[in-house]
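So the chains spell out like this:
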Amino acid sequence: RLATRARAQLEGRPKEKIEITLPDGSVKEGLSWSTTPLEIAEAISKRLAEACVVALVEYTGPVQAGCTPCVAADGEEDEDDDDAKASKAQLWDLTRPFEGSCKLELIKFDDPRGRDTFWHSSSHVLGAALESKFGGLLTIGPSVESGFYYDMYLGERRLSEADFPAIEQGVERLQKSDQPFERLVISREEALELFEGNPFKVDLIRRKVVPGALTTAYRCGELIDLCRGPHLPSTGRVKAFAVMKNSSAYWLGSADNDSLQRIYGVSFPSAKELKAHQTMLEQAKERDHRRIGKQQDLFFFNAMVSPGSCFWTSHGTKIYNRLQELMRAEYRNRGFDEVITPNIYSANIFKRSGHYQNYKDDMYGFKVEGQEWFLKPMNCPGHCVVFDSKPRSYRELPMRMASFGVLHRNELSGTLSGLTRVRRFQQDDAHIFCREDQIRSEVSSALQFVFDIYDLFGFEFSLSLSTRPKKAMGSEELWQRAEAQLTDALNASGRKWAINKGDGAFYGPKIDIQLQDALGRKHQCGTVQLDFQLPLRFNLKYQTVRQGAENMEDSAGPADAEGETSEADPASGAASDAEPVLQPGYARPVILHRAILGSVERMTGVLAEHFAGKWPFWLSPRQCMVVPVSEDAREYASYVREALHSRGLHAEVNLGDGTLNKKVREAQVAQFNYILVVGKEEEEKMTVNLRQRGEKQPLGERPLAELVEQLEEENRPRALRRPKGLEPFRRAAPTLVVEINAAAPATAAEE
């Protein structure tokens, strides 16, 4: 009935000539309420029409208003009204007629928007197959990062892997029948009537569709489901489908609600792409850092003792420390100073920073003598206290402050996942305190720092600017200034970047760097965040002109000579919404939050999978294994091991009773970078017989002294290399002194 009405309404719409402008500037003619994006694609080429998944339409003239925002099939909240107004372009069903003249972009599966549409449509196909096979009540079925799922209420019944073939057969039948996706515009009352037998859908409708409003549903074969769309033209587009796993879930994510059965799936436009995806998953299973950690005795977890906190063995600790050594060497070369701050803080400092109001549930808190305390979840408040501990001058800026402080965050037990999601970790955390006129250069330097480290590891990566979220501190004007500065730095980098709307931190916008490992999987590790808020909340300031000693003493940090806390104490918790007034001659610094590894734990997990456990020599916990060919060679083998060990190399010697071939094989399986075989002949010549990981044939005999020198050099990536000699002194050319404003350094005349 509803579908018939929709078709009749479409037929009754007035058909007027319209122009459809393509990305290359060419213009196609059509009729409003008749011509569809798919017809435009077919007119260009049959191959394009088969490849495109969804359309992006931006109307260039007035069109008749459609329905109000519709119910989201995944149960998430609708976008802000401001976001909807700001974005004129909208994703559009390929079979949905244009409503007026517009700009058109045809989107394929390889575009994230196309992939999301394809997988969202596939979730409807999965839902239809589940409903047909098991009955039950469908709830929500969104697309996710690696596919999609559908939640279904089946009472006491539990699905298992034994049900997967029947589900896949049901999807295959729908694919072969090539059922069209039909968009239906319905009223709240019609929606309630349509889904009166499904209390989960009724709950969504009552909560999200106001009386008198319209919403949308999509029909796919026998299934009609609440959804905003858009969708594929038909089920026949889902050429390859597989059920991936199943689990339990709660309605709306609350343990107080009904338990649901969740089925995960993935789909592709071709069987070849599905097979490639399944191959990647098998490779990922082999590369799983938890598997590698156990095989190589690097780390382990004990859920009974400290869930979410890693125990590092001596070999894993070598990797952990080496990553920190790398960053410390880079810090030294790039003008960063490392500081150490406490692990436990009074709640007042987090009230001052805003974390108490915005992040408290993710922090570990406790009370001592009636006062509330927290384990440190981030380093930035402590760094603000360090900055404010004494008067600061423009001469000190930019001040690049770094820490490897131990952090704790109260992650939910269900989200813990090896090294990639833990409760105790250390970040390569840095905060750059700078003037506003230094922002662009400091952000550019921070980005180059990221690029250099990721290039060292062999990562591909992408950049995105995350803008103001719904829950944000500070005025829109401050946010606009901050976002403009980051935009300038991104443009100056010469690399492609994208907008990640509404995903900024609550205190400021950020540049997220998403790296891609050897299997093409993406990981969020690095970030550069701009913060105007913390300097305001901590009343941070620096002197722009020279003042008398009396004024300098008046502006001293939060504690006086007796150690008493003053009104300016940033840890007093006396945060105010009013911006503190600066004295003449002072300006407010800006803070750049910067991380590259993200956390040492997470980066170790990512690198383990990226390298498949075959660590590069400089990072490897097992660099050299010395193997004697006989009992007589053991003494020389121990000497060789000590020669390597004394020069900072991770060397071991196998003095066991096994055969030579067995010892070599064990060293290869353990992923030693080099195997040094020694016997009587090598002892007499002070040489070793060298084998390298990945090489089928031995490299041959090498003088020990020459090899040690080679390995010492190989053990130092760029930042860890020592200068070979002093550079000659050259006096710098005189610099031109220019006048500055209140937020910049003083001129010589002003001093």
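Please refer to the structure higher up on the page.
Remember, predicted model here, so these are calculated numbers, not experimental data. (Residues numbered from 1 in each chain as written. Predicted model: local features only at pLDDT ≥ 70, side-chain atom pairs only at ≥ 80, totals over all residues. Heavy atoms only, no water.)

### Thoughts on the environment of phenylalanine 200
One can find phenylalanine 200 in helix α8 (residues 199-208). A residue is classified by how much of its surface remains accessible, and phenylalanine 200, at 4% relative accessible area, is buried. With near-sequence residues (within four places) excluded, phenylalanine 200 lies in contact with Leu137, Thr139, Tyr153, Trp251, Asp258 and Leu260. (Helix = DSSP H or I, 4+ residues; strand = E, 2+ residues; numbered from the N terminus. Buried < 20%, exposed > 50% of the residue type's maximum accessible area, 1.4 Å probe, protein only. Contact = heavy atoms within 4.5 Å.)

### Quick notes on helix α16 (residues 476-493)
Helix length check: α16 (18 residues) gives 26 Å between terminal C-alpha atoms against 26 Å at 1.5 Å per residue, within 8%. The set of residues buried in α16 consists of Leu478, Trp479, Ala482, Glu483, Gln485, Leu486, Ala489 and Leu490. The buried residues of α16 occupy one face: seen down the axis, they fall within an arc of 155°. Exposed and oriented more than 90 degrees from the buried face of α16 are Glu476, Glu477 and Gln480. Elements that come into contact with the buried residues of α16 comprise α15 (439-457), β24 (460-466), β25 (497-500), β26 (510-516), β27 (522-531) and α17 (533-537). (Expected span 1.5 Å × (residues − 1). Arc of directions from axis to C-beta.)

### Details of the sheet that holds strand β32 (residues 651-653)
Taken together, the 5 strands give an open sheet; going across it, the order is β32-β31-β33-β34-β35, and neighbouring strands pair in mixed fashion. With partners counted over all chains shown, the strands left at the sheet margins are β32 and β35 (700-703), one partner each. Averaged over all adjacent pairs, the angle separating strand axes in this sheet is 35°, with direction ignored. Pairing analysis gives 3 bridges linking strand β31 (residues 624-628) to β32, with the strands arranged parallel. Its bridge partner lying in β32, cysteine 624 is registered against alanine 651. (Pairing = 2+ DSSP bridges. Axes fitted to C-alpha atoms, helices over the stretch in contact; angles between N-to-C directions.)

### Describing the pattern of salt bridges
Taken as a whole and assessed by the stated rule, the structure comprises 32 salt bridges. Glutamate 372 is paired through a salt bridge with lysine 360; the nearest N and O atoms lie 3.9 Å apart. Of this pair, glutamate 372 sits in strand β19 (residues 371-375) while lysine 360 sits in the loop between α13 (355-359) and β18 (365-368), and the two are 12 residues apart along the sequence. Judged by relative accessible area, which is 21%, glutamate 372 ranks as partly exposed. Relative accessible area serves as the criterion here: at 33%, lysine 360 is assigned to the partly exposed category. Between glutamate 681 and lysine 685 there is a salt bridge, with the nearest N and O atoms lying 3.2 Å from each other. Taken together, the positions of glutamate 681 and lysine 685, both in helix α22 (residues 680-685) and 4 residues apart, correspond to about one turn of that helix. Exposure remark for glutamate 681: the relative accessible area of 46% places this residue in the partly exposed category. Residues joined in a network through salt bridges with shared partners are Glu105, Asp111 and Arg113. (Salt bridge = Lys/Arg side-chain N within 4 Å of Asp/Glu carboxyl O.)

### As for the environment of proline 62
Topologically, proline 62 is positioned in the loop between β3 (52-59) and α4 (81-86). Residue proline 62 is classed as exposed on the basis of its relative accessible area of 84%. Expressed as a C-alpha distance, the spacing of proline 62 and serine 101, which sit 39 residues apart in the sequence, is 8.4 Å.

### Description of a negative patch on the surface
Negative charge collects at one region of the surface, where Glu631, Asp632, Glu635, Glu683 and Glu684 lie side by side. Among the residues examined, glutamate 683 registers a relative accessible area of 39% and is labelled partly exposed. (Patch = residues over 30% accessible without salt bridge, like charges linked within 9 Å, V, L, I, M, F, W, Y side chains within 5 Å. Areas by Shrake-Rupley, 256 points an atom, 1.4 Å probe, with all protein chains shown as cover. Lys, Arg positive; Asp, Glu negative; His and termini not counted. Charge placed at Lys NZ, Arg CZ, Asp CG, Glu CD.)

### Thoughts on the pairing of β24
By the criterion of burial, β24 is predominantly enclosed, with 5 of the 7 residues buried. With 7 bridges connecting them, β24 and β26 associate as antiparallel partners. Pairing of glutamate 460 across the sheet is with glutamine 516, part of β26. Bridge analysis of β24 against β25 gives 4 bridges, and the strand direction is parallel. Bridge assignment links leucine 465 to a residue of β25, and that residue is isoleucine 499.

### Considering the environment of asparagine 410
Within the secondary structure layout, asparagine 410 lies in the loop between β21 (406-408) and β22 (424-426). Assessed through its relative accessible area of 28%, asparagine 410 is described here as partly exposed. Separated by 47 residues in the primary sequence, asparagine 410 and methionine 363 place their C-alpha atoms 5.4 Å from one another. Residue contacts for asparagine 410: discarding those within four places in its chain leaves Asp361, Asp362, Met363 and Tyr364.

### Thoughts on the packing of α15 against α16
Across the interface, α15 lies against α16 with an axial gap of 9 Å and an inter-helix angle of 50°. It follows from the interaxial angle that α15 and α16 lie oblique. Judged by the sense of rotation from one axis to the other, the crossing of α15 with α16 is right-handed. Contact with α15, carried on its side by Ile439, Arg440, Val443, Ser444, Leu447 and Phe451, involves Gln485, Leu486, Asp488, Ala489, Leu490, Ala492 and Ser493 of α16 and no other residues of that element. Partitioned by chemical class, the residues of the contact of α15 with α16 number 8 nonpolar, 3 polar and 2 charged. (Parallel < 35°, antiparallel > 145°, perpendicular 65-115°, else oblique. Left-handed = near helix turned anticlockwise from the far one by under 90°. Nonpolar A, V, L, I, M, F, W, Y, C, P; charged D, E, K, R; others polar.)

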